[in-house]
Structure formats: structure tokens, C-alpha cells
Amino acid sequence: MKDLHKVIKTIRLSEKATLLGERNNEYVFSVDVDATKIDIKQAVEKLLGKKVTGVRTANYFGKARQERRATRGGIGRTNHWKKAIVRLKEGEKLDLA
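Residues numbered from 1 in each chain as written. Predicted model: local features only at pLDDT ≥ 70, side-chain atom pairs only at ≥ 80, totals over all residues. Heavy atoms only, no water.

### Comments concerning the sheet that holds strand 2 (residues 26-31)
Reading across the sheet, the four strands line up as 1-2-6-3 and stay open at both edges, with antiparallel pairing between neighbours. Each end of this open sheet is capped by a strand with a single partner; those strands are strand 1 (8-11) and strand 3 (52-60). Ignoring strand direction, the axes of neighbouring strands in this sheet form an average angle of 30 degrees. Pairing of strand 3 with strand 6 (residues 81-88), which is carried by eight bridges, proceeds in the antiparallel orientation. In the strand pairing of strand 6, Arg56 is matched with Ile85. Here helix 1 (residues 15-24) sits on the sheet and contacts strand 2 and strand 6; the angle it forms with strand 2, its principal contact strand, is near 140 degrees. Lying on the sheet, helix 2 (residues 37-48) is in contact with strand 1, strand 2, strand 3 and strand 6; it crosses strand 3 at an angle near 125 degrees. (Pairing = 2+ DSSP bridges. Helix = DSSP H or I, 4+ residues; strand = E, 2+ residues; numbered from the N terminus. Axes fitted to C-alpha atoms, helices over the stretch in contact; angles between N-to-C directions. Contact = heavy atoms within 4.5 Å.)

Okay, structure coming up:
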């Protein structure tokens, strides 16, 4: 993956993600589906200026959705997406405010 700006899409803010940040110094990002752990680590270190000690990833498949029109088959699907949990070096924090 060449362009680091396309690796990280958004930061995911949820109750579980907030607890991970407070307890384990881990932050949750929504990343590009084709991004590898090395790409994610490089993107966080270069774009955010923080030292990364570990990256965990999880792929999520899009959910099937029922469309209102029955003429086109009636089945749709949301997009597939990938989540990355990034652990920062001890003493480093991300300012989310």
C-alpha cells in the first residue's frame, strides 16, 4: 500500500473502544480492506507521530439487507470493512478532543 492517507479511514469511537484506550492504551481505527498490519503501523507512526508497539486486525463482512423493491431480487448488502486495534508505546496518548 503506497498512499498512507488512504490506509486509515476513521477512528472508531464506541464504548468498548473508549475502554480499550483508557485501560490498555489501544485505539480502534477503521482501515482500508487491503491494508496490512505493516501498512497500518507505518500510517499511524508517520501521520499521527506516535510509536506503535502492536497491531491487531479483524475483517467484517457486510450484512445482508432487504431492499424495499422486490423487482431487483430484494437482497442488498452493506460494504465489507476492516478494523485495526493499535497499541501505542507506554506514555503515548492520542488526543481525541
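The discussion continues.
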